[in-house]
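# Understanding the architecture of this molecule
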Amino acid sequence: MPPTSTIEMLFVTRLYRTELGRPKLISELDALCRSLAVDDIAGRRWSQRNLYLGYTSYASLNDLPWRFPAFARLTKVLDRHVKAFGRALDLDLQDRGLTLDSLWVNVIPPGGHHGAHIHPHAAVSGTLYIAVPKGASALKLEDPRLPLMMAAPPKRTRAARSNRTFVSIAPSPGTLLLWESFVRHEVPLNMAEEDRISISFNYAWK
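Just so we're clear, the structure is a prediction, and the values are computed from it rather than from any experiment.

### Here's the deal with the overall build of the protein chain
Across its full length, the protein chain carries 4 helices and 10 strands. When the helices and strands of the protein chain are listed from N to C terminus, the series reads β-α-α-β-α-α-β-β-β-β-β-β-β-β. Relative to the globule expectation of 17 Å for 206 residues, the C-alpha radius of gyration of the protein chain, 18 Å, shows essentially globular dimensions. If one aligns the C-alpha atoms of the protein chain with their principal axes, the spans along those axes are about 65 × 45 × 30 Å. Looking at the protein chain residue by residue over its 206 residues, the buried ones come to 41%. Long-range pairs, those at least 24 residues apart, make up 86% of the contacts in the protein chain between residues at least 6 apart in sequence. Counting every atom, the protein chain has about 12400 Å² of accessible surface; 55% of that belongs to carbon and sulfur. Seen as two clouds, the 26 positive and the 19 negative side-chain charges of the protein chain have centres 3 Å apart.

### Comments concerning the packing of helix H1 (residues 23-39) against helix H4 (residues 69-88)
In contact at an axis separation of 10 Å, H1 and H4 are set at 125° when each is read in the N-to-C sense. With respect to their mutual orientation, H1 and H4 come out oblique. In terms of crossing hand, the pair formed by H1 and H4 is left-handed. Here Leu 25, Glu 28, Leu 29, Leu 32 and Leu 36 of H1 lie close against H4, whose contacting residues are Ala 70, Phe 71, Arg 73 and Leu 74.

### Concerning the environment of Pro 69
Its location among the elements puts Pro 69 in helix H4. Given a relative accessible area of 57%, Pro 69 falls into the exposed group. It is 26 Å that separates the C-alpha atoms of Pro 69 and His 119, two residues lying 50 residues apart in sequence.

### Let's talk about the packing of aromatic side chains
In this description, a pair of aromatic rings is defined by centroid distance and the angle of the planes. Here the structure, examined in full by the defined rule, presents 5 aromatic pairs. An aromatic cluster is present here, built from Trp 46, Tyr 58 and Trp 104 joined pairwise through their rings. Sitting over the ring of Trp 205, Arg 96 keeps its end group 3.5 Å from the ring centre. The cationic tip of Lys 140 hangs over the ring face of Phe 166; the distance from NZ or CZ to the ring centre is 4.6 Å.

What counts, and at which threshold
Residues numbered from 1 in each chain as written. Predicted model: local features only at pLDDT ≥ 70, side-chain atom pairs only at ≥ 80, totals over all residues. Heavy atoms only, no water. Helix = DSSP H or I, 4+ residues; strand = E, 2+ residues; numbered from the N terminus. Rg over C-alpha atoms; globule rule 2.2 N^0.38 Å. Buried < 20%, exposed > 50% of the residue type's maximum accessible area, 1.4 Å probe, protein only. Contact = heavy atoms within 4.5 Å. Areas by Shrake-Rupley, 256 points an atom, 1.4 Å probe, with all protein chains shown as cover. Lys, Arg positive; Asp, Glu negative; His and termini not counted. Charge placed at Lys NZ, Arg CZ, Asp CG, Glu CD. Axes fitted to C-alpha atoms, helices over the stretch in contact; angles between N-to-C directions. Parallel < 35°, antiparallel > 145°, perpendicular 65-115°, else oblique. Left-handed = near helix turned anticlockwise from the far one by under 90°. Phe/Tyr/Trp six-rings, centres within 6.5 Å; stacked < 30°, edge-to-face > 60°. Lys NZ or Arg CZ within 6 Å of the ring centre and 35° of its normal.

Shown next, in the form of structure tokens:
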């Protein structure tokens, strides 16, 4: 590069990651998620009808923090981290805030997956990982500009992480990830021999 040239990084897509370090809460949530996967008949039926291999409470239970104290405690923890993420994004929330809008359980068995999608009615989305057995899927994130790239050449195999079109994040139990809701993401095929369990959520600006 000529000595007078510069390259500035613009329009950065941010990913917030932290390890909660709350083994007692994670253990309690693990038991609740497994119980819901058995007892939530409506959620199981919705999963079957929509070809979701596994279980999700997405369309059946919208009041988990009200039903279970562990989910209520989790909400308070999430509120703090989402607030910090909003500050890092320089969001001008004016007289409103980022408020929990929905929260649901995902249990993906061996061979299950969740196709690429966005969360169009939210501002910040995220996932807390509860059970991540050996061989379980990472979270795959997509560059939001991908539909606009058209005739762009592919990236090198060893491209810098910030230049990649797709980035996979390998979580552990207790890992919390947050991203802006326009970021497309997916869960590839679960190659583990056990269930991959997580809790996902949306925060809306209201």
